[in-house]
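Overview (structure and organization)
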Amino acid sequence: MIISTTIQKWGNSQGIRIPKYILEQINLDTNSNVSISVENDSIIIQRATKKHIPLAQRFANYTKETQDSEYDWGEPQGEEIW
């Protein structure tokens, strides 16, 4: 089924309303996370997939070249307390 709708201004953004029966067809609800992409002249809205990345994989490319040291922010510039 194809429906027509209008793009409306919501604050500083624009949006469209998606009928509930369409969301129910793909098991989405209010506050569901989605991903939005553009392909050719189409906007594609899909359920967002959270991919769990294990800690070991997150650190797989870590090298000890990172310096663990303090950073000098310079002299106080106002009423900061050092």
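As a reminder, the structure under discussion sits directly above these lines.
This write-up is about the structure you can find in this document.

Criteria and thresholds
Residues numbered from 1 in each chain as written. Predicted model: local features only at pLDDT ≥ 70, side-chain atom pairs only at ≥ 80, totals over all residues. Heavy atoms only, no water. Helix = DSSP H or I, 4+ residues; strand = E, 2+ residues; numbered from the N terminus. Phe/Tyr/Trp six-rings, centres within 6.5 Å; stacked < 30°, edge-to-face > 60°. Buried < 20%, exposed > 50% of the residue type's maximum accessible area, 1.4 Å probe, protein only. 1 Å grid on protein atoms, 1.4 Å probe; cavity = no way out; pocket = protein on both sides within 12 Å on 5 of 7 lines; lining within 4 Å. Points joined across faces, edges and corners; volume = space filled by probe spheres on them. Nonpolar A, V, L, I, M, F, W, Y, C, P; charged D, E, K, R; others polar. Pairing = 2+ DSSP bridges.

Quick look at unusual backbone geometry
- With a phi angle near 60°, N27 is a residue other than glycine that sits in the positive phi range.
- With respect to the helices and strands, the residue N27 is situated in the loop between α1 (20-25) and β3 (34-39).
- Of note, the phi angle at N31 is positive, near 70°, even though the residue is not glycine.
- Among the secondary structure elements, N31 is positioned in the loop between α1 and β3.

A word on the packing of aromatic side chains
- Applying the stated rule across the entire model yields one aromatic pair.
- Centre to centre, the rings of F59 and Y62 are 6.1 Å apart; their planes meet at 75°, and the pair counts as edge-to-face.
- Classification of Y62 by relative accessible area gives partly exposed; the value is 43%.

So, the layout of surface pockets
- The calculated volume of the largest pocket comes to roughly 690 Å³.
- Lining the largest pocket are 22 residues, and of these I16, I18, L23, I36 and I45 lie nearest its centre.
- Contributions of two or more residues to the lining of the largest pocket are made by β2 (13-15), α1, β3 and β4 (42-47).
- Taken together, the residues of the lining of the largest pocket sort by class into 14 nonpolar, six polar and two charged.

Overview of the pairing of β4
- Both β3 and β4 contribute to a ladder of six bridges, which runs antiparallel. When the sheet's bridge partners are listed, S35 is paired in β4 with Q46.
- Between β3 and β4, which pair antiparallel and follow one another directly, the connecting turn spans two residues, one of which, N40, has a positive phi of 55°.

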